[in-house]
Amino acid sequence: MGKDVEEQLSLNEDSKDGEVIESLLPPIPRSPINSRPNSMVLKKANTVIPAHLVAEAISTLHGLDLRWSGPITPSEMQYVQQYVLAKYPEYCNGLVEGGDKIDLYTLCLTDETSEASASEKGKSPRRESSSPSFGTSNSELGKILLEPSRLLDILTKKTSYQGNFISIPEIQVRNRALQQCGLNDEEYLVVFTFTLKEAMMMIGECYPFFRGNYYMTILGEDYDCIREFVSFKDSKVIAAPETWLDLRIKGSQLSQYFRRKCKHSPKGLFAYPAYMEETRYSMHWISEAHRNSWHVLLDASGLDAGKERRLALALHRPDFVLCTVDNTHAQPSKITCLLVRKQSFETAASSAN
């Protein structure tokens, strides 16, 4: 009996010491009884469709990018829900944030903030997509160096102290060009040329084409001067037909070329018209090209500013935009404007060296 009592006392003392040691250590997490691997865990469906997905769906509607404002109609809302359901199943039970009261103009502004928050959190559904067309790590390609050229000299001057001293007529034309495209002078620089061909030559001269990247174009060969520079720099020209811009074609050839593998980033420059032969093409291709590491040149010179409403490019932000503006001061009657996105290219004076 005495031995049993002594053993019990010793065990109690050991247990107390063990409790003291355990209390000093951090608690060990216990796995639940019905635990399963992370790959087997089912995620809850999202209940709200965020604004940037609504904007993506709206941008695919043919002819809708003519509208800059106005409420989304019930039929458009139904299309948005079907588009998101097919592309992002995790929002199968989701409702559009804001409902029928959502406005296209507000949608453009909201999408910019949602893209910024998504890049910080890294949890955007577009990033979780398995398709590289809509799931690259970042739609922003970062700044690249332009080759020494006349356009680089102009951009360098515009971003310097001397660029603040411009005439009132130049300010008026610049503002009309930006307003026509739905852009602002904080993000874009405006360069004036006499002809569309001259503006194309400036792009071809300064863009860093080389062996290994591409120039994919749907512009007319009669004025697409960039092709000559591409061939001269040993890069490759992909002349795509206009039919590739049709969003109704499943498994589009254009999407396949966007996703093609390339050792370099960006993969090159993609150029297409916003308007051709009375057909208005979607701005959706700009966003898809950016997601797949392509720079974009949008030719909006075919739009008649007097008849057509302005483009809603603030949502897509192409790297180059070509447009024409009426000149009310002198000849010529129309001025060709080349809009260059500041965030896409280095324009500092050091880059010219």
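In this text the structure is predicted, and so the values were computed from the model without any measurement. (Residues numbered from 1 in each chain as written. Predicted model: local features only at pLDDT ≥ 70, side-chain atom pairs only at ≥ 80, totals over all residues. Heavy atoms only, no water.)

Chemist: Would you explain the packing of helix H6 (residues 150-158) against helix H8 (residues 196-206) in this entry?
Modeler: Relative orientation and spacing of two packed helices are given, respectively, by the angle between their axes and the distance between those axes. At their nearest, the axes of H6 and H8 sit 7 Å apart, and the two run at 90 degrees to each other. Between H6 and H8, the angle is such that the two are roughly perpendicular. On H8, the residues touching Arg 150, Leu 151 and Ile 154 of H6 are Glu 198, Met 202, Glu 205 and Cys 206. Along the lines of polarity and charge, the residues of the contact of H6 with H8 split into 4 nonpolar, no polar and 3 charged. (Axes fitted to C-alpha atoms, helices over the stretch in contact; angles between N-to-C directions. Helix = DSSP H or I, 4+ residues; strand = E, 2+ residues; numbered from the N terminus. Parallel < 35°, antiparallel > 145°, perpendicular 65-115°, else oblique. Contact = heavy atoms within 4.5 Å. Nonpolar A, V, L, I, M, F, W, Y, C, P; charged D, E, K, R; others polar.)

Chemist: I would appreciate a short explanation of the pattern of salt bridges in the present structure.
Modeler: A side chain of one charge can pair with a side chain of the opposite charge when the charged atoms of the two come close. Following the criterion strictly, the structure yields 7 salt bridges and no others. Across the pair Glu 170 and Lys 158 runs a salt bridge whose closest N-O atoms are separated by 3.4 Å. Residue Glu 170 is located in helix H7 (residues 168-181), and its partner Lys 158 is located in helix H6; the two are separated by 12 residues in the primary sequence. (Salt bridge = Lys/Arg side-chain N within 4 Å of Asp/Glu carboxyl O.)

Chemist: Sorry if this is basic, but what is going on with helix H11 (residues 284-291) here?
Modeler: In an α-helix there are 3.6 residues to a turn, and that puts residues three or four apart on one side. Within H11, 8 of the 8 residues are buried, leaving the element largely enclosed by the surrounding structure. All of the buried residues along H11 are His 284, Trp 285, Ile 286, Ser 287, Glu 288, Ala 289, His 290 and Arg 291. Looking at the residues trailing H11, positive phi occurs at Ser 293, about 65 degrees. (Buried < 20%, exposed > 50% of the residue type's maximum accessible area, 1.4 Å probe, protein only.)

Chemist: What am I meant to see in the packing of aromatic side chains here?
Modeler: Tallying each qualifying case throughout the model produces 10 aromatic pairs. Taking the centre distance of 6.3 Å and the plane angle of 45 degrees together, the rings of Phe 258 and Trp 285 count as tilted. Taken as a pair, Phe 258 in helix H10 (residues 253-258) and Trp 285 in helix H11 lie far apart in primary sequence, 27 residues in all. Since its relative accessible area comes to 0%, Phe 258 is described here as buried. A relative accessible area of 1% places Trp 285 in the buried class. Centroid distance Phe 258 to Trp 294: 6.1 Å. Interplanar angle 65 degrees. Geometry classified as edge-to-face. Highlighted residues: Phe 258 in helix H10 and Trp 294 in the loop between H11 and strand S10 (295-299), separated in sequence by 36 residues. Assessed through its relative accessible area of 0%, Trp 294 is described here as buried. In textbook terms, an aromatic cluster arises when at least three aromatic residues are bridged by ring pairs, as seen for Tyr 214, Phe 258, Phe 270, Tyr 272, Trp 285 and Trp 294. (Phe/Tyr/Trp six-rings, centres within 6.5 Å; stacked < 30°, edge-to-face > 60°.)

Chemist: Where do I start with the side chain of Ser 282 in this structure?
Modeler: Tracing the chain through its elements places Ser 282 in the loop between strand S9 (279-280) and H11. Looking at Ser 282, its side chain comes within polar contact range of the main-chain nitrogen of His 284, at 3.0 Å. (Polar contact = N/O pair within 3.5 Å; in protein donor to acceptor, adjacent residues only side chain to side chain.)

Chemist: Just checking my understanding: could you explain unusual backbone geometry for this structure?
Modeler: Glycine aside, a negative phi is what most residues show, and trans is what most peptide bonds show. A cis geometry characterises the amide bond from Ser 265 onward to Pro 266, with omega recorded as 5 degrees. You can see Pro 266 is positioned in the loop between H10 and strand S7 (268-273). Phi at Arg 317 is positive, roughly 55 degrees, even though this residue is not glycine. Here Arg 317 shows up in the loop between S10 and strand S11 (320-326).

Chemist: Looking at this structure, I do not really get the state of the cysteines. What am I missing?
Modeler: Chemically, a disulfide is nothing more than a covalent bond linking the sulfur atoms of two cysteines. Evaluated as defined, the whole model comprises 0 disulfides. A disulfide-free cysteine, Cys 181 has its sulfur positioned 4.1 Å from the sulfur of Cys 323, the nearest such atom. Look at Cys 181 and you get buried, because its relative accessible area is 1%. (Disulfide = S-S within 2.5 Å.)

Chemist: When you look at H6 in this model, what are you seeing that I'm missing?
Modeler: Where H6 is concerned, the buried positions are Leu 151, Leu 152, Leu 155 and Thr 156. Buried residues along H6 cover an arc of 135 degrees about the axis, so they all sit on one side. Tucked inside the fold, the buried residues of H6 contact strand S4 (188-193), H8, S11, strand S12 (334-341) and strand S13 (345-346). (Arc of directions from axis to C-beta.)

Chemist: Would you mind showing me how to read the confidence of the model for the protein here?
Modeler: As a note on interpretation, predicted positions should not be read in detail where pLDDT is low. With 63% of its residues at a pLDDT of 70 or more, the protein shows a mean pLDDT of 74. In the model of the protein, helix H5 (residues 125-128) stands out as the element of lowest mean pLDDT, 34, in contrast to S10, which has the highest, 97. In this model residues 103-138 is a low-confidence stretch, pLDDT under 50, and it forms 69 contacts with partners more than four residues away in sequence or in other chains. Scored below 50 in pLDDT, residues 349-353 makes 7 contacts in the model with residues more than four places away or belonging to other chains. (pLDDT = per-residue confidence, 0-100.)

Chemist: Would you take a moment to explain the sheet that holds S10 for this structure?
Modeler: Sheet strands associate in pairs through backbone hydrogen bonding, adopting either a parallel or an antiparallel arrangement. In space, the 7 strands of this open sheet follow the order S4-S12-S11-S10-S7-S5-S6, with mixed pairing throughout. The outermost strands of the open sheet, each flanked by one partner alone, are S4 and strand S6 (236-239). Ignoring strand direction, the axes of neighbouring strands in this sheet form an average angle of 20 degrees. One ladder, built from 6 bridges, connects S4 with S12; its direction is antiparallel. Looking at the pairing, Tyr 188 lines up with Arg 341 of S12. (Pairing = 2+ DSSP bridges.)

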